[in-house]
Amino acid sequence: MDHTPIKLSPAFKDYIWGGDKLIKEFGKKSDSEKMEKIAESWELSAHKDGESKVADGPFKGLTLSEYISAAGKDVLGSRSLKYSYFPLLIKLIDAKADLSVQVHPDDEYALTHEGEYGKTEMWYIIDCEEGASLYYGFERDITKEEYEKAIEDGKLCDLLRKVDVKKGDVFFIPAKTVHAIGAGLFICEIQQNSNTTYRVFDYNRRDKNGNLRPLHIEKALEVSSLKRSSDPLHTDKGDDVLLAECEYFSVRKLTVNNEAVISSDTESFVSLLVTEGTGKLIYNNGEISLSKGDSIFIPAADAEYKLIGQCELIASKVN
Ligand code: ZN
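Residues numbered from 1 in each chain as written. Predicted model: local features only at pLDDT ≥ 70, side-chain atom pairs only at ≥ 80, totals over all residues. Heavy atoms only, no water.

A. Quick peek at unusual backbone geometry. Phi at Tyr203 is positive, roughly 55°, even though this residue is not glycine. For Tyr203, the location among the structural elements is in the loop between strand 15 (198–201) and helix 5 (217–223). Looking at Tyr203, the relative accessible area reads 24%, which means it is partly exposed. Phi at Asn258 is positive, roughly 75°, even though this residue is not glycine. Along the chain, the position of Asn258 falls in strand 17 (residues 249–264). (Helix = DSSP H or I, 4+ residues; strand = E, 2+ residues; numbered from the N terminus. Buried < 20%, exposed > 50% of the residue type's maximum accessible area, 1.4 Å probe, protein only.)

What follows is the structure in structure tokens.
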């Protein structure tokens, strides 16, 4: 088995609400097409709807799943064994406009109805514009009838909990929580590997071909939690801070000031996503340069790595 950390290049999505920050501020570009806007870059993805690829080294050009087959399944670590496919999906999201109000099912519903896992997700706000906000569950406990009527009347947002956002905030969104990312937010999203989204309200917008995007109201009514949402997470200050932990993943924020050490183990791979600055990841017989937006996959193994430079990283592991 090959334990060498690898740099990944993302798959891109050009949804209607995307902006140009991934191109202009994060230097992302597609090999195959010229893109002026990118809504999402899938930085750690083995999902059939868009896989990351190995950017460098002996495995260069392989998709993440091809790399896992080539390097050996052990690179995933023992905790991944209980999942029938690659467990995480990590994205950068540039919301120039509002995203639809949506909800994701839990595992039980999604495996029955969609043939994939449900989606619990977490957002780390890398950057945001003045006055940006998002919707995070309901403001109070509601009934299914109220929910249905609000959708019908186009007044769903009145029932939702609107939260003001600032850089560095963290939101944990359990499956079944109705939510919407607001305009002006730039987010790192860590989630279960699923692309099942039930759109409840899309502000009556039309796509580039003049069509309304489909809604999935019946399924949304079946899966949405109708309880008042829990409070957003608050994070501590420090160089190594736990942002979120749940049955699927644990996520830390690391700040490197000249030098830091991270360790990996045989239970999970580590995904590193550079959210700010530049530096290097140094391992046994090599190094990988790090700059804002880079995604690194560290195979599961008992090992230590040195981080040097001035940067901030989001480090995610499978639970
Ligand atoms: Zn979502």
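B. Representation of the layout of surface pockets within the structure. One number sums up the size of the largest pocket: a volume of about 580 Å³. As for the largest pocket, its lining consists of 24 residues, of which Ser9, Pro10, Phe12, Lys29 and Asp31 are closest to the centre. Taken together, the elements giving at least two residues each to the lining of the largest pocket come down to strand 1 (6–9), strand 2 (11–13) and strand 6 (53–54). Residues of the lining of the largest pocket, tallied by class, amount to seven nonpolar, seven polar and ten charged. Estimated volume of the second largest pocket: approximately 440 Å³. Along the walls of the second largest pocket sit 26 residues, with Tyr15, Gln102, Asn195, Thr197 and Arg199 positioned nearest its centre. Of all the secondary-structure elements, those providing two or more residues to the lining of the second largest pocket are strand 7 (88–95), strand 9 (121–128), strand 14 (185–192) and strand 15. Partitioned by chemical class, the residues of the lining of the second largest pocket number seven nonpolar, nine polar and ten charged. (1 Å grid on protein atoms, 1.4 Å probe; cavity = no way out; pocket = protein on both sides within 12 Å on 5 of 7 lines; lining within 4 Å. Points joined across faces, edges and corners; volume = space filled by probe spheres on them. Nonpolar A, V, L, I, M, F, W, Y, C, P; charged D, E, K, R; others polar.)

C. Seen up close, the coordination of the zinc ion. Within the protein, the zinc ion binds to Gln102 (OE1), His104 (NE2), Glu121 (OE) and His179 (NE2); these donor distances fall in the range 2.1 to 2.8 Å. Around the zinc ion sit four donor atoms, and with donor-metal-donor angles ranging over 84 to 164° the site reads as irregular. Motif for the zinc ion, donor spacing along one chain: Q-x1-H-x16-E-x57-H. Accessibility expressed as a relative area gives 12% for Gln102, which makes it buried. Given a relative accessible area of 2%, His104 falls into the buried group. (Donors = N, O, S within 2.8 Å, 3.2 Å for Na, K, Ca; no water. Tetrahedral: all angles 85-135°; square planar, octahedral: opposite > 155°, others 65-115°.)

D. Structural detail: the environment of Gly131. In this structure, Gly131 sits in the loop between strand 9 and strand 10 (133–138). Once the C-alpha coordinates of Gly131 and Asp164 are considered, the two residues, 33 residues apart in sequence, prove to be 6.9 Å apart.

E. Quick look at the pattern of salt bridges. By the definition in use, this model includes 19 salt bridges. Residue Asp169 is joined to Lys166 by a salt bridge in which the shortest nitrogen-to-oxygen separation is 3.1 Å. We note a salt bridge from Lys280 to Glu287, for which the minimum N-O separation is 3.2 Å. Relative accessible area serves as the criterion here: at 33%, Lys280 is assigned to the partly exposed category. When its relative accessible area of 46% is taken as the criterion, Glu287 is described as partly exposed. Here the residues in one salt-bridge network are Glu40, Lys91 and Glu189, joined through shared partners. (Salt bridge = Lys/Arg side-chain N within 4 Å of Asp/Glu carboxyl O.)

F. Expanded view of the nonpolar core. Judged by nonpolar contacts, the single largest core of 43 residues is most densely connected at Tyr67, Met122 and Phe297. For this core, the leading source of residues is helix 2 (residues 64–71), giving four residues. Contact partners of Tyr67, with chain neighbours within four places excluded, come to Asp2, Thr4, Ile6, Val54, Phe59, Leu62, Gly72, Val75, Phe297 and Pro299. Among the nonpolar cores identified, the runner-up in size contains 21 residues, and Tyr135, Tyr147, Leu156 and Ala180 belong to it. (Core = buried A, V, L, I, M, F, W, Y, C linked by side-chain atoms within 4.5 Å. Contact = heavy atoms within 4.5 Å.)

G. Structural context of the packing of aromatic side chains. If you walk through the whole model with that rule in mind, you get 14 aromatic pairs. Ring plane angle 10° and centroid distance 4.6 Å describe the contact between Phe26 and Phe186, whose orientation is recorded as stacked. In this pair, Phe26 sits in the loop between helix 1 (21–24) and strand 3 (40–44) while Phe186 sits in strand 14, placing the two residues 160 residues apart along the sequence. Pairing Tyr67 with Phe297 gives two aromatic rings, centres 5.6 Å apart and planes at 80°, and the pair type is edge-to-face. Taken together, the positions of Tyr67 in helix 2 and Phe297 in strand 20 (residues 295–298) put the pair 230 residues apart, joining distant regions of the chain. The pair formed by Tyr67 and Phe297 is uniform in burial state, with each residue classed as buried. Among the aromatic residues, those joined into a ring-pair cluster are Phe59, Tyr67, Phe86, Phe269 and Phe297. (Phe/Tyr/Trp six-rings, centres within 6.5 Å; stacked < 30°, edge-to-face > 60°.)

H. Local environment of helix 2. Of the positions making up helix 2, those classed as buried are Leu64, Tyr67, Ile68 and Ala71. Each buried residue of helix 2 sits inside an arc of 100° when the element is viewed along its axis, so together they form one side. The positive-phi residue at the C-terminal boundary of helix 2 is Gly72, with phi of around 110°. (Arc of directions from axis to C-beta.)

I. Examining the sheet that holds strand 9 more closely. The strand order 2-3-7-14-9-12 describes an open sheet built from six strands, whose pairing is antiparallel. On the outer flanks of this sheet lie strand 2 and strand 12 (170–173), each paired with one strand and no other. If you compare each strand with its neighbour and ignore which way they point, the axes differ by 20° on average. The sheet contact formed by strand 3 and strand 7 spans four bridges and is antiparallel. In the sheet register, Ser41 faces strand 7, and the bridge partner there is Leu92. (Pairing = 2+ DSSP bridges. Axes fitted to C-alpha atoms, helices over the stretch in contact; angles between N-to-C directions.)

The quantities given are spatial measurements derived from coordinates; they are silent on function.
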